[in-house]
Amino acid sequence: MKRNRSARGDAGTPLRRLAQTLLAAVVGGTLAVSLAACSGGGASESGAADAGDGARAEVATPGSAEGTVADAAGAVGLAEAPEEAVNRELITTGNATLAVEDPFEAAEQIADLVEGAGGRVEARDERAETAEEPGSASMTLRIPADRVSATLDALDKLGEVRDRHVETLDVTGTAQDLDARIAALRTSTDRLRELMAEADRTADLIEIEAELATRQAELDSRVSERNRLSDEVAMSTLHVEIVAESSPAAQAEPGGFLGGLSAGWSALVSTFNVFVLVLGAIIPWLALAGVVLLVVVGVRRQIARNRPSGPGPIVAEPEPVEP
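Here is what the cut-offs are and how they apply
Residues numbered from 1 in each chain as written. Predicted model: local features only at pLDDT ≥ 70, side-chain atom pairs only at ≥ 80, totals over all residues. Heavy atoms only, no water. Patch = residues over 30% accessible without salt bridge, like charges linked within 9 Å, V, L, I, M, F, W, Y side chains within 5 Å. Areas by Shrake-Rupley, 256 points an atom, 1.4 Å probe, with all protein chains shown as cover. Salt bridge = Lys/Arg side-chain N within 4 Å of Asp/Glu carboxyl O. Lys, Arg positive; Asp, Glu negative; His and termini not counted. Charge placed at Lys NZ, Arg CZ, Asp CG, Glu CD. Helix = DSSP H or I, 4+ residues; strand = E, 2+ residues; numbered from the N terminus. pLDDT = per-residue confidence, 0-100. Contact = heavy atoms within 4.5 Å. Core = buried A, V, L, I, M, F, W, Y, C linked by side-chain atoms within 4.5 Å. Buried < 20%, exposed > 50% of the residue type's maximum accessible area, 1.4 Å probe, protein only. Expected span 1.5 Å × (residues − 1). Pairing = 2+ DSSP bridges.

Turning our attention to a negative patch on the surface. A contiguous patch of negative charge, built from Glu101, Asp102, Glu105, Glu160 and Glu245, is present on the exposed surface. Mapped onto the secondary structure, Asp102 falls in the loop between strand E1 (90-100) and helix H3 (103-116).

Another point: the pattern of salt bridges. Within this structure, the stated rule accounts for 19 salt bridges. The shortest N-O distance in the salt bridge between Glu126 and Arg124 comes to 2.8 Å.

Confidence along the protein chain averages 74 in pLDDT terms, with 65% of residues attaining 70 or more. Long-range and interchain partners of residues 1-15, a stretch whose pLDDT sits below 50, account for 0 contacts in this model, where long-range means more than four residues apart. Throughout residues 30-84 the model reports pLDDT below 50, and contacts reaching past four residues in sequence, or to other chains, amount to 9 contacts.

Right, let's get into the nonpolar core. Ranked by size, the top nonpolar core spans 19 residues in total, and within it Ile110, Met139, Leu141, Leu155, Val240 and Ile242 carry the most contacts. For this core, the secondary structure elements donating two or more residues are E1, H3, strand E3 (136-144), helix H4 (148-155) and strand E5 (235-244). Broken down by element, the residue count for this core peaks at 5 residues, all from H3. Leu141 has contacts with Ile110, Val114, Arg120, Val121, Ser236, Thr237, Leu238 and Val240, leaving out every residue within four places of it along the chain.

Over its 27 residues, helix H5 (residues 172-198) extends 39 Å from the first C-alpha to the last, a length consistent with the 39 Å expected when each residue adds 1.5 Å. Within H5 the residues assigned to the buried category are Thr172, Ala175, Leu178, Ile182, Leu185, Ser188, Thr189 and Leu192. Buried residues along H5 sit against strand E4 (160-170) and helix H6 (202-234).

Here the focus is the pairing of E5. Of the pairings in the sheet, the one linking E1 to E5 comprises 8 bridges and is parallel in character. Each residue of the ladder has a partner; that of Ala96, found in E5, is Val240. Looking at chain direction, E3 and E5 are connected through 9 bridges and run antiparallel. Within E5, the residue paired with Ile143 across the bridge is Ser236.

Further remarks concern a nonpolar patch on the surface. Where nonpolar side chains cluster on the molecular surface, the patch consists of Phe272, Phe275, Val276, Leu279 and Ile283 and spans about 480 Å² of accessible area. Relative to the helices and strands, Ile283 resides in helix H7 (residues 256-306). For Ile283, a relative accessible area of 45% corresponds to the partly exposed category.

What follows is the structure in structure tokens.
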């Protein structure tokens, strides 16, 4: 019996070892497959994530098609924003001095030039030639704002432009403020008219009418101010002074004896003119003084004639002589 048990024990030991080996191999293979699957899944997920990140990076890259479209849209938006925001209102004023041979004729030509450009002559002053000063003219012109430069360039064809100055004033803020006030006042007046139509009491109606009159007067004033500002923006103001150009060749004064004689004669004439001027200024006062003197003398003589004569001299009577 002991021999049979030992034989079965010896025979069962290799079988048990083989079973254990097979079990270990199966378990090891299962674990290896499981680990491989896990690692493969992680690799695939990481690869997919990397691929997704790469795709997103490619989409967001400015060089890609969609990125280029987005960048172009953004660029267009940035380019259009300032254009929509910029609506500047500018008042342009200027002045110039023009030297010509005939100031009056040049004034006529400038008036025709301005009217042809769609402007108008707001003021015109002409001064005739005198012995001391040559003729001249001055004009105040209202020209469309986009024609100021062309008008100044056209003046060069009429004569010599000696100086010019152009100044621009930005009144965009003032215009926007006026527009906002006008809009608010119109809304207020419309509301007051609605309240006046719904009022059923005389006191309320009178109060609403008074407030409406005040708001309407302020609205009319703001509208008038806005119209004036719009006119100054649309029509620029240009002041032009037209003078006669000096003679290109001045006559040389003679020298020597003739020059001295001419200078002495001029000095004598100037002195005589001054003497005559002073004499003419003094003669009226001398005449007045003579009249006053004659009146005083006549009055004194009349007083002397009308003065009564005094008592005669007292004569002493002789004393009687006794016989």
